[in-house]
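# Chain and residue survey
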Amino acid sequence: MTPRLILLGAGDFAREVIWLVSEMATTPDWEFGGLLDDDRERAAQILSSNGFGQRVLGTIDNYIPQQDDRFVCTIGNPKAKLAVSERIAARDGKFVNLIHPSAAIGPGCILGSGIIVCRSAVITTNVVIGNHVHINLAATCGHDTVIGDGCTLSAHCDVTGHATLERGVFLGSHASVTPGVRVGEYAVVGAGSVAFRNVGGGQTLLGVPGKSLLS
Ligand SMILES: CC(C)(COP(=O)(O)OP(=O)(O)OC[C@H]1O[C@@H](n2cnc3c(N)ncnc32)[C@H](O)[C@@H]1OP(=O)(O)O)[C@@H](O)C(=O)NCCC(=O)NCCS
């Protein structure tokens, strides 16, 4: 049977991902199956009010992955994204990568699974990307960067050469991480903010140059 793609989460980014899938001109070897969301009614409302007729198949909690199912999680919040993805993986769910045809990925890159790479994103050379990572519109990952599991890079982010994002980092729109900087687990770099120095795990960094919200 043809594998069917199922999106986890039916929020705003899910609608963008449905569009992304429709733009993958040479359809990969699966068909679009529908979405799962724990708030099934809200999800159906979001989709129908925006003219998206896709089916909400059920809740993430209750869904038993079928052999031909392939998943991708569309939840932007890294902690929630990892928790939901790991719940499905624990039930033997298999994940695929969705890469927009306009995205560029250079040589020597290593990609995990459950990754979404949006229109015009650029991943240059020797980049290592973990599982369940989102790289949104026109975001870039420079040479030798390491992007940990569950990271979300919002639109127009710039992660520059040899920088490392540990597990679950969230970068707001237009955030930058300068060369060689390490951003700790579950840290947040706010929209338009620049991390010039290492960021500790769990910290929220804001502004230019970035300062911790807690300090
Ligand atoms: C970092 C962020 C999560 C902080 O959110 P928050 O904890 O709710 O913070 P608040 O909105 O209460 O703001 C706290 C203070 O930080 C400032 N601040 C918030 N975000 C900032 C940013 N990105 N850069 C500079 N200052 C910022 C606020 O002005 C406020 O300052 P004040 O106390 O002097 O008024 C959020 O502001 C952000 O940047 N989110 C990213 C959104 C985004 O890009 N999403 C992707 C597209 S969906």
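So, a few notes on the structure that sits alongside this text. (Residues numbered from 1 in each chain as written. Predicted model: local features only at pLDDT ≥ 70, side-chain atom pairs only at ≥ 80, totals over all residues. Heavy atoms only, no water.)

Once that is clear, we can look at the overall build of the protein. When helices and strands are counted, the protein shows 3 helices and 23 strands. For the protein, the C-alpha radius of gyration of 17 Å lies close to 17 Å, the compact-globule estimate for 215 residues. Once the C-alpha set of the protein is aligned to its principal axes, its extents read approximately 50 × 40 × 30 Å. Counting every position in the protein, which comprises 215 residues, the buried fraction comes to 48%. Of the contacts made within the protein by residues no fewer than 6 positions apart, 31% connect residues no fewer than 24 positions apart. Of the side-chain charges in the protein, 16 are positive and 19 negative, and the distance between the mean point of each set is 3 Å. (Helix = DSSP H or I, 4+ residues; strand = E, 2+ residues; numbered from the N terminus. Rg over C-alpha atoms; globule rule 2.2 N^0.38 Å. Buried < 20%, exposed > 50% of the residue type's maximum accessible area, 1.4 Å probe, protein only. Contact = heavy atoms within 4.5 Å. Lys, Arg positive; Asp, Glu negative; His and termini not counted. Charge placed at Lys NZ, Arg CZ, Asp CG, Glu CD.)

The environment of the ligand is made up of S154, F170, G172, S173, G190, A191, S193, T204, L206, G207 and L213. Between an oxygen atom of the ligand and a main-chain N or O atom of S173, the distance comes to 2.8 Å. Against a free-state accessible area of 920 Å², the protein chains account for coverage of 33% of the ligand. Grouping the constituent residues of the shell around the ligand by class yields 4 nonpolar, 7 polar and no charged. (Near = heavy atom within 4 Å. Polar contact = N/O pair within 3.5 Å; in protein donor to acceptor, adjacent residues only side chain to side chain. Areas by Shrake-Rupley, 256 points an atom, 1.4 Å probe, with all protein chains shown as cover. Nonpolar A, V, L, I, M, F, W, Y, C, P; charged D, E, K, R; others polar.)

On to the side chain of T160. Mapped onto the secondary structure, T160 falls in the loop between β15 (158-159) and β16 (164-165). Each residue touching T160, except ones within four places of it in the same chain, is listed here: T145, V177, T178 and P179.

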